[in-house]
Amino acid sequence: MKIFIDGKYYSERDAKVSVFDHGLLYGDGVFEGIRAYNGRVFKLKEHIDRLFYSAKAILLDIPMSHAAVMRATVETCAKNKLRDAYIRLLVTRGVGTLGLNPNRCKRGSVIIIAGKIQLYPPELYARGMEIVTVPTVRNLHSALNPAIKSLNYLNNILAKIEANNAGVEEAIMLNAEGYVSECTGDNIFIVKNGKLQTPPLSAGALYGITRQTVIDLAVEAGHEVTEPNLTRYDMFNADECFLTGTGAEIIPVTKIDGRVIGNGKPGRITKKLVANYHALTNRSGEPIYG
Ligand code: PMP
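Throughout, residues of each chain are indexed from 1 in the direction in which the sequence is written. Local features in a predicted model are, by the rule used here, given only for residues with pLDDT of at least 70; side-chain atom pairs are given and counted only at 80 or more, and totals for whole chains, interfaces and linings are based on all residues. Side-chain numbers come from the whole structure's heavy atoms, not from hydrogens or water.

Colleague: Which residues make up the overall build of the chain, and what values go with them?
Modeller: Under the DSSP-based scheme used, a helix requires at least four consecutive residues in state H or I and a strand at least two consecutive residues in state E, with every element numbered from the N terminus. The helix and strand tally for the chain stands at 8 helices and 16 strands. Taking all 290 residues of the chain together, 50% fall into the buried category. When contacts within the chain are restricted to residue pairs at least 6 apart in sequence, those whose partners lie at least 24 apart make up 70%. Using a 1.4 Å probe, accessible areas were evaluated by the Shrake-Rupley method; residue-level cover was limited to the displayed protein chains. Per element, the accessible surface of the chain, about 13,800 Å² overall, is 53% carbon and sulfur. Neither His nor the chain termini are counted; the positive set is Lys and Arg, and the negative set is Asp and Glu. To locate a charge, take NZ of a lysine, CZ of an arginine, CG of an aspartate or CD of a glutamate. Of the charged side chains in the chain, 35 are positive and 29 negative; the average position of the first set lies 5 Å away from that of the second. Relative accessible area decides the class of each residue, using a 1.4 Å probe on protein chains only: under 20% of the type maximum gives buried, over 50% gives exposed, and in between gives partly exposed. Here, residues are in contact when the closest pair of their heavy atoms is within 4.5 Å.

Colleague: Account for the nonpolar core, naming residues and giving values.
Modeller: Considering soluble globular proteins, one finds that nonpolar side chains tend to be buried as a cluster. Residues Val41, Ile87 and Leu89 are the most contacted members of the largest nonpolar core, which totals 27 residues. Every element with two or more residues in this core is listed here: β3 (29-37), α2 (44-57), α3 (66-79), β5 (85-92) and β6 (109-115). Sort the elements by how many residues they give to this core and α3 lands first, with 5 residues. Here the nonpolar core consists of buried residues drawn from Ala, Val, Leu, Ile, Met, Phe, Trp, Tyr and Cys, with membership extended through side-chain atoms lying within 4.5 Å. Judged by nonpolar contacts, the second largest core, of 21 residues, contains Ile172, Val180, Leu230 and Cys241.

Colleague: Just give me the short version of the domain arrangement of the chain, but keep the residues and values in it.
Modeller: Where each domain starts and ends comes from a domain assignment, either automatic or drawn from a database. Per the domain assignment, the segments of the chain are domain 1 (2-115) and domain 2 (123-281). Taken together, the contacts link 24 residues of domain 1 with 18 residues of domain 2. Taken together, the two surfaces of domain 1 and domain 2 that pack against each other cover about 1,700 Å², and 64% of this comes from carbon and sulfur. The term buried area means the drop in 1.4 Å probe accessible area that two parts suffer when joined, counted for both and summed. Sorting the residues of domain 1 by area buried against domain 2 places Phe31, Phe42 and Arg50 first, and these three jointly supply 36% of that buried surface. Throughout this description, the term salt bridge denotes a Lys or Arg side-chain nitrogen within 4 Å of a carboxyl oxygen of Asp or Glu. Put simply, domain 1 and domain 2 have 0 salt bridges between them. Counted as a polar contact is a pair of N or O atoms within 3.5 Å, where, for protein atoms, one must be capable of donating a hydrogen and the other of accepting one, and residues adjacent in sequence contribute only when both atoms are in side chains. One can count 7 residue pairs in polar contact (both at pLDDT 80 or more) joining domain 1 with domain 2. Those elements that place two or more of their residues in the side of domain 1 that touches domain 2 are α1 (22-26), β3, α2 and β5.

Colleague: Provide a residue-level description of a nonpolar patch on the surface, including the pertinent values.
Modeller: For patch building, the residue pool is restricted to those with more than 30% relative accessible area and no salt bridge; the joining distance is 9 Å between like charges and 5 Å between nonpolar side chains (Val, Leu, Ile, Met, Phe, Trp, Tyr). A surface patch of nonpolar side chains, amounting to about 780 Å² of accessible area, comprises Val19, Phe20, Leu24, Leu25, Tyr26, Val95, Leu98 and Leu100. With respect to the secondary-structure elements, Leu100 resides in the loop between β5 and β6.

Colleague: Quick rundown of the site of the ligand? Include the residues and the values.
Modeller: Taken together, 17 residues surround the ligand, and among them Tyr153, Glu182, Ile209, Thr210 and Thr246 come closest. Measuring from an oxygen atom of the ligand, one finds a side-chain N or O atom of Tyr153 at 2.4 Å. Within the side chain of Thr246, a nitrogen or oxygen atom sits 2.6 Å from an oxygen atom of the ligand. Here the ligand has 390 Å² of accessible area as a free molecule, and 94% of this is covered by the chains. At the level of elements, α6 (209-220) and β13 (240-245) are the ones that each hand at least two residues to the shell around the ligand. Put simply, a residue is near a molecule or strand once any heavy atom of it comes within 4 Å of that molecule or strand.

Colleague: Tell me about the packing of α2 against α3, residues and numbers included.
Modeller: To get an axis, fit a line to the C-alpha atoms, keeping to the stretch in contact for a helix; angles then go from 0 to 180 degrees between the N-to-C directions. Contact geometry of α2 with α3 gives a least axis separation of 10 Å together with a crossing angle of 130°. In terms of orientation, α2 lies oblique with respect to α3. Judged by the twist between their axes, the crossing of α2 over α3 is right-handed. Of the residues in α3, those touching α2 at Leu44, Lys45, Ile48, Asp49, Leu51 and Phe52 are His66, Val69, Met70, Thr73 and Val74. Considered class by class, the residues forming the contact of α2 with α3 number 7 nonpolar, 2 polar and 2 charged. When describing relative orientation, an angle under 35 degrees is termed roughly parallel and one over 145 degrees roughly antiparallel, while 65 to 115 degrees is termed roughly perpendicular and anything else oblique. With the far helix as reference, a near helix turned anticlockwise by less than a right angle produces a left-handed crossing, and one turned clockwise produces a right-handed crossing. Throughout, the ten residues Ala, Val, Leu, Ile, Met, Phe, Trp, Tyr, Cys and Pro are labelled nonpolar, Asp, Glu, Lys and Arg are labelled charged, and all others, Gly among them, are labelled polar.

Spelled out as structure tokens, the structure:
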């Protein structure tokens, strides 16, 4: 595997960062998770846009242009001869001194790893997944805006641990007001009477790129999509439920906090969206070769 660090490629063994990088010391940095399908990087521009928005929000200068980051992402896939990949792109605050002042870091570092990911066991995609609501609430906008895809994922990791402790793979996180926000690494949707609903970004959801793609696909298929504040009650009484994320893609949810969702099987509209999503990922994106 060849890993991009600040303009050069390193083997897996030699790809190293300093212990004084504030990305390691403080989780100070931003990242993206991107996928390539069938020789094309899917929604690349949208991911790099979001990377730059996250960086702007934390006053982090990305030491490359938007176009150069796009090129380097595609090039990293090409160098690794990957046609299907999961790409982890990080920008850290860079090397500084002990002490959290980011002014001590001269230059941010850009790292691109192109590999593979299997987020959930394949049988869960066929059967549907059980999830629970966990006690850890989503970060407050006024503390650390959940729209920032920062290297500090402890809020989500704590929720993931609580999900694991409950014997399931994913968790619903509520916001401080008690409305559904999102899952630890995925956005959440429900279907009720043929209409789709997903929490608004103001409820603490990430501006998910898969979320937006699914909204576009659903609207194209003639479904109404709204973004109201949702409660656990709304989830329990949905006809269908599914999660979206670059890594997870679209995964059906069939049980929430012990309540069976709909008929307990992946829903008809969910399955149609999965098919349409796969068709789209296979035909669009930034070409890797040539
Ligand atoms: N929410 C969180 C907290 C995430 O980390 C992610 C990405 N893994 C998502 C939602 C889904 O976003 P996207 O569809 O852009 O991958």
